[in-house]
Amino acid sequence: MIEGILVEGLLYGIMALGVFITFRILDFPDLSVDGTFPLGAAIMGISVVNGVPLMLALFIAFSGGLAAGAVTATIHNKLKVPNLLAGILTMTMLWSINIRILGNRANLPLLRQRTILSAFTEMISGVVPYPWSVLLFFLVVGLTIKFLLDLFFRTDMGLTLGAMGDNEQMIVSQGVNPEIMKVIGVGLSNGLVALAGAFAAQYQGFADVNMGQGIVVAGLASVMIGEFLIRSNRIGLLTLRVLLGSIVYRGIMYLGRYYGYHINLTPNDLRLLTGLLIIASLAFSRYQNSRNESARLRRSIRAAAGPPGGGRP
Amino acid sequence: MIRLEGVSKTFHPGTVNEVVALRPIDLTVREGDFITIIGSNGAGKSTLFNLVAGTFPASSGSIRINDVDVTRAPEHIRAKYIGRIFQDPLLGTAGSMALEDNMLVCYRKGIKGLRISLNRKLRAFFRTQLEDLQMGLEHRMKDNVRLLSGGQRQALTLLMMVLSRPELIMLDEHTAALDPKNAALVLDLTRRYIEEYRLTSMMITHNMQQAIAYGNRLLMMDKGEIILDVEGDEKRSLTVDGLVERFHAIRHRDLESDEARLT
Ligand SMILES: Nc1ncnc2c1ncn2[C@@H]1O[C@H](COP(=O)(O)OP(=O)(O)OP(=O)(O)O)[C@@H](O)[C@H]1O
Ligand SMILES: [Mg+2]
């Protein structure tokens, strides 16, 4: 059980990192994710079945996500439509594209196919037994991606992306074209999501066009839960808390799935639960902000009134 | 170095909301000019800056920077020549990012690559620059900029702007949102940087005293026109009362701005 939660937490954590980039760093709420997750799965699935070298398949999946994200950003840039609408358009179109990639079907089983995951677990099966070898695999993959991302956000370009999400005028004033930066940022985000989809297909043993439904919201819930766990402005901790948030989220979902019947929950209620989780997080952070705000107000009133005892102002 | 010919701006032309913000104006800014700009609310001062910076396109006329026609160039292209500060201290910095990261983004113009430039050497350089501000910011390089006061933030914006050595700086009432002490500090810093780096500058202010005391050239704007352009000895001999009189002589009405009279 615990290894199942950790594996899913790390696997979907890669997707949540993508969601974190758009929602939190770029301030570009992007819904293409619901389409790019199955896109990655579909590319990986069809490649595995057709004997494409596995690493190449992974790279194509990542590039596919990148391209889809670039399309979303370009729709937003050139047609001046809101980013939410641009994402929905890409997501909707991807549904048809994903079915085409899968060879005009909605589902492609991968059981008994050699995948990167199965190759890895077989290779180390002598040292690390089965469920734990899967966990080790996702630990390595998840942490590698996390560290690469940390590195990226320390580069000049990564910092500029962060600055754009905060204050677009500032980077325009620095002679940087924000449209290009959005293509890069949203592209990178969706590349990661597609990568997660590619790993999900290997883990679950199939690729399915509907496996992306509700993925954005799950990623967002993970990001928000993570924000309760650690407070920081250091990129290394920001990405770490996304992964941790994802693990906690999967834990909550697990509890809902296996123990929810005590309170009459069915698996169909999990989306409701996810939505409520997000609403609760939003409400709680609002409450915290207003508390900080009033604390600041009280402090400044006290400061304006002068130090207690009537000293000099 | 900057040449505007027949530049005008009309918002929402042909609708009931039509606003003529700037009538066709000609203006040449020479290298090394430090121009102060005054004028009542809605005179078109910010619109003039926005047109030069490329925030929105001009309705007519042409704009040249260093003999390059930039009339149609987007804002980020012109930004390579221009440094700009707004009245709102929040606009010049990214609040949720560390001070040193803000400086890194601003210290060189143009698109950034995948290098990690923020190393020990650059940090040391940033530190000496911050020490120069004498606000103790050199000890807070890893703090989020949001934690700084408005005055500190505006001083930082100023510092970050000159790091990339723009050819023209445009200051739009950049001390108006600060308390008098911080305003004086930032203004002093502005003058120091302009002299030290010989920056060509344009500064909008509502303070007539300031407009007279600073710079080598003064523009007065009203209703989308430049009604007065003085420099040199003539500028040096200006007084607040003299300016008010000249406004009256040109426009045949009183200068309505109370705040201009106050200071
Ligand atoms: N984006 C815009 N859309 C419509 N009208 C605008 C816009 N920007 C400015 N205006 C109008 O253009 C006129 C000139 O405005 P501008 O901001 O240039 O004045 P200003 O001289 O900077 O005034 P202030 O001293 O109050 O800042 C005003 O009537 C204003 O309402
Ligand atoms: Mg203005």
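Residues numbered from 1 in each chain as written. Chains lettered and ligands numbered in written order. Predicted model: local features only at pLDDT ≥ 70, side-chain atom pairs only at ≥ 80, totals over all residues. Heavy atoms only, no water.

## Some details on the site of ligand 1
Residues and elements named next belong to chain B. Within the structure, ligand 1 sits among 14 residues, and G42, G44, K45, S46 and T47 are positioned closest to it. Within the side chain of H206, one N or O atom sits 3.2 Å away from an oxygen atom of ligand 1. Against a free-state accessible area of 630 Å², the protein chains account for coverage of 63% of ligand 1. Listed by contribution, the elements that provide at least two residues to the shell around ligand 1 are strand 2 (19-29) and helix 1 (45-53). Looking at the shell around ligand 1, the element that brings in the most residues is helix 1, giving 3 residues. In terms of residue class, the shell around ligand 1 is made up of 4 nonpolar, 8 polar and 2 charged. (Near = heavy atom within 4 Å. Polar contact = N/O pair within 3.5 Å; in protein donor to acceptor, adjacent residues only side chain to side chain. Areas by Shrake-Rupley, 256 points an atom, 1.4 Å probe, with all protein chains shown as cover. Helix = DSSP H or I, 4+ residues; strand = E, 2+ residues; numbered from the N terminus. Nonpolar A, V, L, I, M, F, W, Y, C, P; charged D, E, K, R; others polar.)

## Quick word on the pattern of salt bridges
Inspection of the entire model under this criterion finds 18 salt bridges over all chains. Between K146 of chain A and D150 of chain A there is a salt bridge, and its shortest N-O distance comes to 2.5 Å. Placement of the pair is K146 of chain A and D150 of chain A together in helix 6 (residues 130-152), with a separation of 4 residues, close to one helical turn. For D150 of chain A, a relative accessible area of 3% gives the class buried. Residues joined in a network through salt bridges with shared partners are R30, D33, R217, D229 and E231 of chain B. (Salt bridge = Lys/Arg side-chain N within 4 Å of Asp/Glu carboxyl O. Buried < 20%, exposed > 50% of the residue type's maximum accessible area, 1.4 Å probe, protein only.)

## A look at the pairing of strand 10 (residues 225-231) of chain B
Residues and elements named next belong to chain B. Bridge count for strand 9 (residues 217-222) against strand 10 is 6 bridges, and the pairing is antiparallel. Within strand 10, the residue paired with M221 across the bridge is I226. In this antiparallel pair of consecutive strands, strand 9 and strand 10, the connection spans 2 residues, and K223 shows a positive phi of 50°. (Pairing = 2+ DSSP bridges.)

## Description of the interface of chain A and chain B
Across the contact, 25 residues belong to chain A and 33 residues belong to chain B. Roughly 2,300 Å² of surface becomes buried between chain A and chain B when both sides are summed, with 60% attributable to carbon and sulfur atoms. In this assembly, chain A and chain B are joined by 12 residue pairs in polar contact (both at pLDDT 80 or more). Contributing elements (two or more residues each) for the side of chain A that touches chain B: helix 6, helix 7 (156-166), helix 8 (168-173) and helix 9 (178-204) of chain A. Tallying contributions element by element places helix 7 of chain A first for the side of chain A that touches chain B, with 7 residues. Broken down by class, the residue content of the side of chain A that touches chain B amounts to 12 nonpolar, 10 polar and 3 charged. (Contact = heavy atoms within 4.5 Å. Buried area = accessible area lost by both parts, 1.4 Å probe.)

## Regarding the sheet that holds strand 1 (residues 2-11) of chain B
Residues and elements named next belong to chain B. A sheet is described by the order of its strands in space; here 4 strands give the open sequence 2-1-4-5, paired in antiparallel fashion. Both edges of this open sheet fall to strand 2 and strand 5 (68-69), since each of them pairs with a single strand only. The sheet contact formed by strand 1 and strand 4 (residues 60-65) spans 5 bridges and is antiparallel. Its bridge partner lying in strand 4, S8 is registered against S60. Helix 1 contacts strand 1, strand 2 and strand 4 of the sheet and is inclined by roughly 115° relative to strand 1. (Axes fitted to C-alpha atoms, helices over the stretch in contact; angles between N-to-C directions.)

## Some details on the confidence of the model for chain B
All names here are of chain B. Averaged over all residues, the pLDDT of chain B equals 91, while 97% of them reach at least 70. Model confidence for chain B, summarised as mean pLDDT per element, is weakest for helix 10 (residues 258-262) at 48 and strongest for strand 8 (residues 200-204) at 97. Low pLDDT, under 50, characterises residues 258-263; the stretch is placed with 7 contacts to residues that sit more than four places away or in other chains. For this predicted complex, the interface confidence comes out at an ipTM of 0.89, alongside a pTM of 0.89. (pLDDT = per-residue confidence, 0-100.)

## A word on the packing of aromatic side chains
All names here are of chain A. A complete count under the given rule lists 14 aromatic pairs over all chains for this structure. Where Y12 meets F37, the ring centres are 5.7 Å apart and the plane angle is 25°; that geometry is what we call stacked. With Y12 in helix 1 (residues 2-26) and F37 in helix 2 (residues 33-49), this residue pair connects regions lying 25 residues apart in the sequence. According to the relative accessible area criterion, Y12 is buried, its value standing at 10%. Centroid distance F120 to F137: 5.3 Å. Interplanar angle 55°. Geometry classified as tilted. (Phe/Tyr/Trp six-rings, centres within 6.5 Å; stacked < 30°, edge-to-face > 60°.)

## Some details on the sheet that holds strand 3 (residues 34-39) of chain B
Residues and elements named next belong to chain B. One open sheet accounts for 6 strands, arranged 6-7-8-3-9-10; its pairing is mixed. Edge strands, defined here as strands with exactly one partner in the open sheet, are strand 6 (82-85) and strand 10. Going across the sheet, the axis of each strand differs from the next one's by a mean of 15°, ignoring polarity. In terms of strand pairing, strand 7 (residues 168-172) meets strand 8 through 5 bridges, oriented parallel. When the sheet's bridge partners are listed, D172 is paired in strand 8 with I204. Strand contacts of helix 5 (residues 150-163): strand 6 and strand 7, with the helix running at about 175° to strand 6, the strand carrying the most contacts.

## Focus: helix 2 of chain A
With 17 residues, helix 2 of chain A ought to run about 24 Å at 1.5 Å a step, and its terminal C-alpha atoms sit 24 Å apart, in line with that. Here helix 2 of chain A lies mainly inside the structure; 16 of its 17 residues are buried. (Expected span 1.5 Å × (residues − 1).)

## Some words on the packing of helix 1 of chain A against helix 9 of chain A
How two helices pack is summed up by the angle between their axes together with the distance between the axes. All names here are of chain A. The geometry of helix 1 relative to helix 9 is characterised by a closest axis approach of 9 Å and an angle of 165° between their N-to-C directions. Classified by the angle their axes make, helix 1 and helix 9 are roughly antiparallel. For the pair helix 1 and helix 9, the crossing hand works out as left-handed. In contact with V7, E8, L11, Y12, I14, M15, L17, G18, V19, I21, T22 and L26 of helix 1, helix 9 contributes G185, V186, L188, S189, L192, V193, A196, F199, A200, Y203 and Q204. Here the contact of helix 1 with helix 9 is built from residues that sort into 17 nonpolar, 5 polar and 1 charged. (Parallel < 35°, antiparallel > 145°, perpendicular 65-115°, else oblique. Left-handed = near helix turned anticlockwise from the far one by under 90°.)

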